[in-house]
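Listed below, chain by chain, are the residues.
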Amino acid sequence: MDDPFRERRLSPAEVRRILRRALELAEQDAETQAVETSMTEAELVRHAGELGIPRTAIRGAAVEHAPPEEPKARGGWLGAPLRTLFEEEIEGEITSDSHEDIVDVIRSVTGDAGQVQIVGKTLTWTPTVHPQSQPRQLSVTVRSRNGKTLVRVEERYTNFAAALYLGIGLGFGLGGGLPVAVAIATTTKDGFAAALAGVAVLMFAFLIPRLLFPWLVRRRSRKHRELLSRLSDVAHAASPGARVAEEAAAPRKRKRKRIAAASAEAEAEAGAEAEAEAEAEANAGRGARARR
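Residues numbered from 1 in each chain as written. Predicted model: local features only at pLDDT ≥ 70, side-chain atom pairs only at ≥ 80, totals over all residues. Heavy atoms only, no water.

### Some points on the environment of Leu123
1) Next: Topologically, Leu123 is positioned in strand E3 (residues 122-126).
2) Next: As a C-alpha pair, Leu123 and His99 span 24 residues in sequence and 7.5 Å in three-dimensional space.
3) Next: Excluding its chain neighbours within four sequence positions, the residues that come into contact with Leu123 are His99, Ile102, Val103, Val116, Gln117, Ile118, Val140, Thr141 and Val142. (Helix = DSSP H or I, 4+ residues; strand = E, 2+ residues; numbered from the N terminus. Contact = heavy atoms within 4.5 Å.)

Dropping the structure here:
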């Protein structure tokens, strides 16, 4: 029996429907485990492109399904690390014409105009410094060198951790714990109860930054991953290698469209011929009955 897929070319919509259904069936197929394989995100992007799935869609899905970071496990008693770093290396170098697009993406994600410094092929962005607030130790770097482009998003939380733990924890703990301890000692004449109450207030004071600091780091890490993904897309689209690949793929796409159009036209003509033959046979049958 001939393969039905060889009789005609599938439209893009049909390809998407078949792939979507095939993925659903693969979850229950016993042969899936024998043929499935692991791959890097770059390999996944390449294979998906052959099936008509754009790189941006793969990256968006990867960001949504990225395993959540566990800064708490690496942060010790602070609850989160004092530094986060997200980076990706892309084949090809970008030109200075892409710097404006890169800065626009950074400003869109961070909501801050920031300060931009360009030295050679390296672009560095840092947040705006406000005198009335604690400065963020965030830096975004896009560097082209040796035929590759490195995108890096890094932030340190030393100043913020110090402000939380020393300002709220130690300040509120001592400022509230000592008066409570003194009041209890004066009222009850019980030194142990007074010391216990003071320690309890101090521990409660440190619990507040212990909850706030990991939450802030996780929240900013999600933003950093989104920023890295969008910057990587811009850098990939701006690299000469990506443009050459798109220009090389354009004739093949046009050829596939022409073949699909010719196939659809041939199917329409075949259908019209079949209808004409059926109508001719019906007219011949009616004429034969009329002669009888």
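Still more to cover.
### A short note on the pairing of E3
1) Next: As paired elements, strand E2 (residues 115-119) and E3 share 5 bridges and run antiparallel to each other. Across the sheet, Val119 pairs through a bridge with Thr122, a residue of E3.
2) Next: Counting the residues between successive antiparallel strands, the hairpin from E2 to E3 contains 2 residues, one of them, Gly120, with a positive phi of roughly 65 degrees.
3) Next: Bridge count between E3 and strand E4 (residues 137-145): 4 bridges; the pairing is antiparallel. If you follow Trp125 over to E4, its bridge partner there is Val140. (Pairing = 2+ DSSP bridges.)

### Considerations on helix H6 (residues 99-110)
1) Next: Counted at 1.5 Å a residue, the expected span for H6 with its 12 residues is 16 Å, and the 17 Å between its end C-alpha atoms agrees.
2) Next: Inspection of H6 places His99, Ile102, Val103, Val105, Ile106 and Val109 among the buried residues, and these make up the whole buried set. In a view along the axis of H6, the buried residues occupy a sector of 160 degrees, so they form one face of it.
3) Next: Gly111, located one to two residues past H6, shows a positive phi value of around 70 degrees. (Expected span 1.5 Å × (residues − 1). Buried < 20%, exposed > 50% of the residue type's maximum accessible area, 1.4 Å probe, protein only. Arc of directions from axis to C-beta.)

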